[in-house]
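# Architecture at a glance
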Amino acid sequence: MAALSLLSFTTLYAKKDESRIISVETSSSSLVFSVRENGAVHQLHYGAKVDASEFAAVPMVEGRYGNGAQAYPATGGRYLGEPALHLRYSDGNHNTELVYDSHEVARRGGSVTTSILLKDPVTGMRVRLVYEAYPEEDVIVSHAEIENGGRKKVELLNFASSALTLRSDKYLLTHVHGVWAQEMQLESELLGHDMKVIETRRQTQSTQCNNPSFLMSLGTSELDEDNGEVIAGALCWTGNFRLSFERDVEGRLTILSGINPFASTYPLMAGESFRTPDMIWSWSDCGAGGVSRNLHRWARKYGIYSHGRINPILLNSWEGAYFTFNTETIIKMIDDAASMGLEMFVLDDGWFGNNSPRNGDNAGLGDWQVNVSKLPEGIDYLASHAHSKGLKFGIWIEPEMVNPDSDLARAHPDWVVQSPGRNLYQERNQWVLDLSNPAVQDFVFGVFDGVMKMSRNIDYVKWDCNRPVLSFGSPYLDKDQDRFFIGYTQGFYRVMERIRAKYPDVIVQCCSSGGARIDYGALRYFDEVWTSDDTDAYERIFMQYATSLIYPACVMGDHVSTVPNHQSRNVTPLKFRFDVACQGRLGLELQPKYLSDAEKALVNRCVESYRGYRDIVFGGDMYRLNPPYGSDFYGLVYVSPDKSRAVVFTYCLRFNGMAGEGHSFRLKGLDPQRRYKVTEQNVDRSCWWGNGQTFTGAFLSSGAFNPSLPSLYSSAVFLLEAE
Ligand code: GLA
C-alpha cells in the first residue's frame with residue numbers, strides 16, 4: 001500500500017528539533033506524548049483536556065519491568081509487553097527500537113492531523129503515527145504507516161493500528177459477543193493483570209461473534225450511562241481483527257488494536273510501506289451515553305457513506321415469502337406495501353439461477369440472472385411497477401459466495417477459497433469466492449453492475465455474506481498464502497470503491513447473516529446494516545441497545561415481522577414490534593396479506609407517525625434512559641440537535657405489580673427551561689396523564705414523567721415539541 005501523502009494538508013508546523021511535548025486535542029480531550037531523553041516517544045495522557053505543557057515535568061523512569069508507555073511499542077529494547085510492531089529482518093533479527101525523528105501538524109476540513117515520525121537508527125525502519133483530531137466531536141482517528149527504509153526485505157509479524165495507554169485503578173471493559181441471530185450480546189468485565197484479547201479469524205463474517213469495538217470505563221465497576229470517564233474504541237477493518245488489553249505491573253493498561261496478524265505475516269520490500277486501518281477513539285466524562293453520542297455525531301459527519309441520510313421505510317420479502325414466490329406474489333406485496341404507506345420494496349433471496357435455480361439455499365449462488373420460470377417478466381417489470389406505485393425498489397445479492405450447484409462453480413472452480421488436497425467445507429451449502437484474486441474482484445463488481453443494469457429503477461441493494469472463511473487458501477496467491485486475509489479485505493474495499501464511483505446514489509445495505517459485518521470500515525461504503533436476523537422485538541431491545549453504544553441509530557435496519565417470531569417463536573404485540581423497530585430505520589418483513597384490517601390500520605398509523613419524527617431518530621442525539629438488562633422497564637430519547645424536538649420510547653420488559661401505576665423515567669437531553677408539548681403516538685387513549693399538555697424540560701427530567709405500562713410488552717412513544 002502506498003504511504004499517505006500529507007502534502008495536500010495545510011502544514012501548520014513541522015519540527016525536526018526535539019519538542020518535548022506533542023499534544024493532540026479535541027474540545028474536551030487531550031492525548032499527550034512526550035519525547036524522552038533517550039529519544040523514545042511516550043504517551044503520557046489520554047483523557048480530559050489538560051495543559052499539555054505541564055507534562056514536560058514528568059520524569060522518565062526506566063523501571064525494572066520495561067520502560068514506560070511507548071506511543072508505538074516495538075519488540076526490542078527494554079520493552080517486554082505485547083508489541084504494536086514486531087518485525088523480522090532478513091538476517092533473522094527481531095529487534096526494533098524506534099526514536100523520534102520529527103512531527104508535523106496540519107489542518108484539513110474539520111480535523112487537525114498530527115503525525116509523528118519515528119525511526120530505528122540501526123535498521124532504517126520508519127513508522128509514522130497519524131492522529132486525526134475532530135475537535136467538535138471529541139474523536140481522534142489514528143493509524144500507522146510502516147515503511148521499510150532499509151535495503152532488504154522485512155516481514156511484519158505484528159502491525160497494530162494504534163497503541164493507547166491508560167492509567168486508572170480499575171478498568172471496566174464492555175464489549176459484545178454473540179452467534180447468528182444473537183449478535184451484540186453485551187458483556188462487561190473488570191480487567192485483571194493478565195491479557196485480554198478480543199479477536200476474530202472468521203474473515204468474512206467478522207462481527208458475528210464479537211465486534212472490533214469496546215468501551216473502557218475508568219475507575220468504576222459498573223457501566224454508567226451518564227457519569228464517569230469512558231473511552232470508546234472502534235477499528236475500521238472488515239476482516240480478521242485483534243484487540244488486546246494488557247495491564248502491566250505498574251497498573252497501566254495498554255490497548256493495541258488492528259488487523260489480526262494471524263496467518264498474515266506481511267512482507268515489505270525496501271522502500272515499501274504499509275498503512276494500517278484507522279482506529280477511532282473517543283473520550284467522555286459523561287459515561288457511556290456521552291461517548292456514544294460523540295461517536296454517533298462523528299459517524300454521521302465522517303464515518304458512514306450516507307452521512308445519516310434518511311433511508312426509506314421498506315417491505316422486505318424474506319420472512320414473508322422466503323424462496324417461494326412468483327411475479328404475482330411480488331406484485332401483490334408491492335401493492336400492499338404502497339397501500340400501507342411504505343416507501344420501498346426489497347426483493348430478497350430467491351430471484352435468480354436457471355440451470356441451478358435458487359429455490360432453496362442449496363443452489364444458484366453465483367448465477368445472477370433472473371430466474372425465468374419464477375419471474376418471466378424480469379426485474380425491470382417489478383421495479384417499474386414499484387415506481388409506478390410511488391415506491392423505490394431494492395434487490396438482494398450475495399456476490400462473494402457460490403453454491404457448488406451453480407454454473408459459476410462449474411466454470412471457475414479455481415475462484416473458490418480452498419486449501420489444496422483438503423476438504424472443501426460447505427456452510428449453508430456454499431463456498432466463499434477468493435476476493436484476493438483480481439479476476440474475482442472484477443466478477444463481484446460485475447454482479448453489482450449487472451444487477452443495476454437490469455433496471456433503471458433499482459434504488460437499493462442488500463449485500464449479503466452468509467458464511468465465514470474456513471480452511472483458507474487462495475489458488476491465485478500460490479505460495480503467498482500469508483497475503484490471503486488482508487488481500488481479501490483489500491479486494492472487498494477495492495470493489496466497493498468501484499461501486500461507489502459508478503453508483504454514488506444507490507442505497508447499499510451491509511448484511512451478513514444479519515449483523516456479522518458491522519464495522520466502521522464497511523460503513524465508509526454502506527448506508528446501513530441489517531442489525532440481526534433475529535427480528536423478535538424483545539430480543540432486539542437488547543441488540544439495538546448494545547449496537548447503539550458504538551453505532552448510530554441511522555444505520556440500524558429494524559424490521560417488524562410476524563408472530564410467533566420465526567427465530568425465537570416469541571409472541572409480542574404488533575404495536576410493541578413497531579415501537580422497537582422505529583428506534584432505527586423502520587421496515588416490515590412479513591406477508592402483508594395475512595394482516596387483518598385492524599392490523600393494517602395500525603401499520604398505517606405507525607408508519608405515518610414515524611415519518612413525522614424519524615429525522616430526530618436519524619439525526620438527533622440519543623440518550624439511553626437506563627440499560628435494559630435486568631430492568632422491568634427500558635426507555636430512550638432522541639433529541640434534535642437544537643433541542644426543539646424529541647422522541648421518547650418506553651417499554652415494559654417484565655411485568656411488575658406496580659407497572660400500571662406508572663413508571664418514572666427521568667428524561668435526558670432536553671433544554672430544562674423550554675416547554676415541550678407531549679403527544680403520545682399511535683394511540684387513542686394515552687398511557688400518561690400529562691399527554692397533550694406542555695411541561696418544561698426540567699419537569700420532564702425530574703421523574704414526573706411516568707407512563708403506565710401495565711403489562712409485559714406494553715410500550716409507548718411520545719413526541720415532544722418545544723413551544
Ligand atoms: C441472510 C440474511 C437474511 C436473508 C437471507 C436470505 O440470512 O441475513 O436477511 O437475506 O440471508 O438467504
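In what follows, the structure referred to is the one given above.
Below you will find a few notes about this structure. These numbers were taken from a predicted model, which means no experiment stands behind them.

### A look at the nonpolar core
As a rule of thumb, nonpolar side chains are buried together in soluble globular proteins. M216, W351 and W463 are the most contacted members of the largest nonpolar core, which totals 188 residues. Looking at which element gives the most residues to this core, the answer is helix 7 (residues 484–502), with 9 residues. Taken domain by domain, the makeup of this core includes at least three residues from each of domain 1 (10–303) and domain 2 (623–722). Apart from the residues lying within four places of it in its own chain, the contact partners of W351 are F325, W368, Q369, V370, N371, L375, I379, I395, W396, I397, V451 and M454.

### With respect to the sheet that holds strand 29 (residues 528–530)
In spatial order, the strands read 22-23-24-27-28-29-30-31; together these 8 strands close into a barrel with parallel pairing. Neighbouring strand axes in the sheet, compared pairwise and without regard to direction, differ in orientation by 30° on average. Pairing between strand 30 (residues 556–561) and strand 31 (residues 585–589): 5 bridges, direction parallel. Each bridged residue has a counterpart across the sheet, and for D558 the counterpart in strand 31 is L586. In the packing of helix 9 (residues 574–581) onto the sheet, the strands contacted are strand 30 and strand 31, and the crossing angle to strand 30 comes to about 175°.

### Points about the state of the cysteines
A full pass over the atoms with the stated rule returns 0 disulfides. A disulfide-free cysteine, C209 has its sulfur positioned 13 Å from the sulfur of C465, the nearest such atom. Free cysteine C652: the closest other cysteine sulfur is in C687, separated by 11 Å. Assessed through its relative accessible area of 0%, C652 is described here as buried.

### Observations regarding empty space enclosed by the protein
Across all of its chains, the model carries 6 cavities of 30 Å³ or more by this definition. Estimates place the volume of the largest cavity at around 110 Å³. Lining the largest cavity are 14 residues, with N158, A160, R242, I259 and P261 positioned closest to its centre. Of all elements in the fold, only strand 10 (154–159), strand 17 (241–247) and strand 18 (252–259) reach the threshold of two or more residues within the lining of the largest cavity. In terms of residue count, the dominant contributor to the lining of the largest cavity is strand 18 (4 residues). Residue composition of the lining of the largest cavity, grouped by class: 8 nonpolar, 4 polar and 2 charged.

Conventions and cut-offs
Residues numbered from 1 in each chain as written. Predicted model: local features only at pLDDT ≥ 70, side-chain atom pairs only at ≥ 80, totals over all residues. Heavy atoms only, no water. Core = buried A, V, L, I, M, F, W, Y, C linked by side-chain atoms within 4.5 Å. Buried < 20%, exposed > 50% of the residue type's maximum accessible area, 1.4 Å probe, protein only. Helix = DSSP H or I, 4+ residues; strand = E, 2+ residues; numbered from the N terminus. Domains from an automatic or database assignment. Contact = heavy atoms within 4.5 Å. Pairing = 2+ DSSP bridges. Axes fitted to C-alpha atoms, helices over the stretch in contact; angles between N-to-C directions. Disulfide = S-S within 2.5 Å. 1 Å grid on protein atoms, 1.4 Å probe; cavity = no way out; pocket = protein on both sides within 12 Å on 5 of 7 lines; lining within 4 Å. Points joined across faces, edges and corners; volume = space filled by probe spheres on them. Nonpolar A, V, L, I, M, F, W, Y, C, P; charged D, E, K, R; others polar.

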